[in-house]
Amino acid sequence: MLNAPQGQGIAMDHLSDEEKRRIIEHMNDDHADACLLYVQHFGQLPHAIGAQMRTITSDAMTLAVRLEDSQSPSLDIDIPFDESLLDIQHATRVLVQMVTQAREKLA
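For clarity, every value in this text was computed on a predicted model and none was experimentally measured.

## Considering the side chain of Lys20
1) Next: Tracing the chain through its elements places Lys20 in helix H1 (residues 17-30).
2) Next: By relative accessible area, Lys20 is classed as buried at 16%.
3) Next: Setting aside its immediate chain neighbours within four residues, Lys20 contacts Asp13, Leu15, Ile56 and Thr57.

Structure representation (structure tokens):
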């Protein structure tokens with residue numbers, strides 16, 4: 001049995017594996033520009049030249065990042081969400097809000 005410290009719960013992932021797969025596939029196929037904006041703004045990597053979503057949970061997304069001055073193919077960066085994602089519709093709203101915020105800040 002896994003015990004959490006008093007007053008702290010164990011993080012629960014509200015997204016199913018199928019929902020995660022759909023989000024990742026959609027973001028990488030249709031929104032590579034948004035993935036790049038996430039790492040440039042929220043990941044504070046303005047010199048990134050490419051990004052691809054690797055994983056997503058209710059609490060964060062992990063993106064593979066290509067940097068213009070890097071000899072390695074990519075590095076992974078975790079970007080936490082301000083609030084836990086409750087379902088795929090909530091994930092959509094949060095991801096759209098984040099890309100809108102990134103566009104405004106990087107403009």
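## Digging into the packing of helix H2 (residues 32-41) against helix H3 (residues 88-106)
1) Next: The N-to-C vectors of H2 and H3 enclose an angle of 65°; their axes lie 9 Å apart at closest approach. The hand of the H2/H3 crossing is left-handed. Where H2 abuts H3, its residues Asp33, Ala34, Leu37, Tyr38, Gln40 and His41 lie against Leu95, Met98, Val99, Gln101, Ala102, Arg103, Lys105 and Leu106.
2) Next: A breakdown of the residues in the contact of H2 with H3 according to their chemical character gives eight nonpolar, three polar and three charged.

## Observations concerning the environment of Val96
1) Next: The topology assignment puts Val96 in helix H3.
2) Next: Owing to a relative accessible area of 46%, Val96 belongs among the partly exposed residues under this scheme.
3) Next: Distance from Val96 to Ala34, taken between C-alpha atoms, is 8.7 Å for residues 62 residues apart in sequence.

## Describing unusual backbone geometry
When glycine is set aside, most residues are seen to have a negative phi, and most peptide bonds are trans.
1) Next: Even without being glycine, Gln44 reaches a positive phi, approximately 55°.
2) Next: Take Gln44: it is sitting in the loop between H2 and strand E1 (48-56).
3) Next: By relative accessible area, Gln44 is classed as exposed at 65%.

## Observations regarding H2
The periodicity of an α-helix, 3.6 residues per turn, causes residues three or four positions apart to be oriented the same way.
1) Next: Taken across its ten residues, H2 has seven buried, putting it largely inside the fold.
2) Next: Those residues of H2 not exposed but buried are Ala34, Cys35, Leu36, Leu37, Tyr38, Val39 and Gln40.
3) Next: Lining the buried residues of H2 we find H1, E1, strand E2 (60-67), strand E3 (75-80) and H3.

About the thresholds
- Residues numbered from 1 in each chain as written.
- Predicted model: local features only at pLDDT ≥ 70, side-chain atom pairs only at ≥ 80, totals over all residues.
- Heavy atoms only, no water.
- Helix = DSSP H or I, 4+ residues; strand = E, 2+ residues; numbered from the N terminus.
- Buried < 20%, exposed > 50% of the residue type's maximum accessible area, 1.4 Å probe, protein only.
- Contact = heavy atoms within 4.5 Å.
- Axes fitted to C-alpha atoms, helices over the stretch in contact; angles between N-to-C directions.
- Left-handed = near helix turned anticlockwise from the far one by under 90°.
- Nonpolar A, V, L, I, M, F, W, Y, C, P; charged D, E, K, R; others polar.

Worth remembering: the numbers are spatial, not functional.
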